[in-house]
Amino acid sequence: MSLDICTLASGSKGNCTLIKSENTTILIDTGISLKDIIDRLKSVNVIPEDIKAILVTHEHSDHIKGICSLSKKFKIPVYADERLWSALENKLQIPEKLMKIFQGDDFFIDDLTISPFMLPHDAAFCNGFSIYCKGRKISISTDLGFMPDRVLNRLEKSDLILLESNHDINMLKNCRYPETLKARILSSRGHLSNDTAAECILKLALKGTKQFILGHLSEESNTPQLAYKTTFEMLEINDVKVNKDVYLDIAPQHTVGNYIKIV
């Protein structure tokens, strides 16, 4: 019995994450085109007809671009917090019978338990998710401007965490973005820096989490090498050995990430 994860896209141009148990396959966000979703699912031996649900974190286009076409074509239910649906209804035309509303409490999709938690981000509403199955726990927390203790507590005791490591602060300050966008990203409702992500991962590693994926990297103000190096060095100087005590991966933006099984 395993709980599996694979990022199909991760970044400012599109986000989509596959979660799979023995009996159930779901997607978290579908911010890429229908063709890309189908092609990337096929590359990990999944067909769209296998998808039991799409969970939505928030209404930004890089998270919802493909939802309508995928949901309608394959009759896949779309789950979103009731505080998010009003924003989604202005952007998506999901048939009412496929709209599934949750209200902050845990809910179930076949053998998966879904535990949502609110993230501080400049959206109408933004959720992270912990997914449980047969004693295994995967957590996804991207698009947040800072790490509240309540979110850190929800991430604890995960077997694997996909965490945002969006930007290097110096690169962001010197990139071509307009100052208003830089200020938004750096705000408490923006995105996590590499430094903050590294600090959070150290805390979570010391609490027992063994596997981490760094996701939602900016193409303008970050590099995979820099994001990895920042967290690697934070762990190593605190005596947490990468590839021994913990495993650290990077979610690519335009291609499928590593398929990881939590056994």
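For the structure itself, look to the data block above.
Residues numbered from 1 in each chain as written. Predicted model: local features only at pLDDT ≥ 70, side-chain atom pairs only at ≥ 80, totals over all residues. Heavy atoms only, no water.

Another point: helix α3 (residues 67–74). For α3, the set of buried residues is Ile-67, Cys-68, Leu-70, Ser-71 and Phe-74. If you follow the buried residues of α3, they end up packed against β3 (25–28), α1 (34–43), β4 (51–55), α2 (61–64) and β5 (78–81). Looking one or two residues beyond α3, the residue adopting positive phi is Lys-75, at roughly 55 degrees. (Buried < 20%, exposed > 50% of the residue type's maximum accessible area, 1.4 Å probe, protein only. Helix = DSSP H or I, 4+ residues; strand = E, 2+ residues; numbered from the N terminus. Contact = heavy atoms within 4.5 Å.)

All right, on to the side chain of Ser-221 then. Here Ser-221 lies in the loop between β12 (211–215) and α9 (224–236). There is a polar contact of 3.0 Å between the side chain of Ser-221 and the side chain of Ser-218. With residues near it in sequence (within four places) discarded, Ser-221 still touches His-167, Asp-168, Met-171, Leu-172 and Tyr-177. (Polar contact = N/O pair within 3.5 Å; in protein donor to acceptor, adjacent residues only side chain to side chain.)

Further remarks concern the packing of helix α8 (residues 194–206) against α9. Relative orientation of the contacting elements α8 and α9 amounts to 40 degrees, with a least axis distance of 9 Å. Taken together, the axes of α8 and α9 are oblique relative to one another. As for how α8 packs across α9, the hand of that crossing is right-handed. Residues Asn-194, Asp-195, Ala-198, Glu-199, Ile-201, Leu-202 and Ala-205 of α8 touch α9, and the partners they reach there are Leu-226, Ala-227, Thr-230, Thr-231, Met-234 and Leu-235. Of the residues that constitute the contact of α8 with α9, the class distribution is eight nonpolar, three polar and two charged. (Axes fitted to C-alpha atoms, helices over the stretch in contact; angles between N-to-C directions. Parallel < 35°, antiparallel > 145°, perpendicular 65-115°, else oblique. Left-handed = near helix turned anticlockwise from the far one by under 90°. Nonpolar A, V, L, I, M, F, W, Y, C, P; charged D, E, K, R; others polar.)

Further remarks concern the nonpolar core. Ranked by size, the top nonpolar core spans 31 residues in total, and within it Leu-18, Leu-27, Leu-41, Val-56, Ile-67, Leu-88 and Ile-94 carry the most contacts. Contributing elements (two or more residues each) for this core: β1 (3–9), β2 (16–20), α1, β4, α3, β5 and α4 (82–89). Aside from chain neighbours lying at most four places away, what touches Val-56 is Asp-29, Ile-64, Ile-67, Val-78, Tyr-79, Ala-80, Leu-84, Leu-88 and Phe-129. (Core = buried A, V, L, I, M, F, W, Y, C linked by side-chain atoms within 4.5 Å.)

The subject of this paragraph is α9. For α9, which comprises 13 residues, the first-to-last C-alpha distance of 18 Å matches the rise-based estimate of 18 Å (1.5 Å per residue) to within 8%. Burial in α9 covers these residues: Ala-227, Thr-230, Thr-231 and Leu-235. Considered in projection along α9, the buried side chains sweep an arc of 125 degrees and stay on one side of the axis. Turning to α9, the residues buried within the fold contact α8, β12 and β13 (247–250). (Expected span 1.5 Å × (residues − 1). Arc of directions from axis to C-beta.)

Pairing within the open sheet is mixed, and its seven strands lie in the order β6-β5-β4-β3-β2-β1-β14. The open sheet terminates on both sides in strands that have one partner only, identified here as β6 (99–102) and β14 (260–262). Adjacent strand axes in the sheet meet at a mean angle of 25 degrees when their direction is disregarded. Note that β5 and β6 share four bridges and pair parallel. Bridge pairing in β6 places Tyr-79 opposite Lys-100. (Pairing = 2+ DSSP bridges.)

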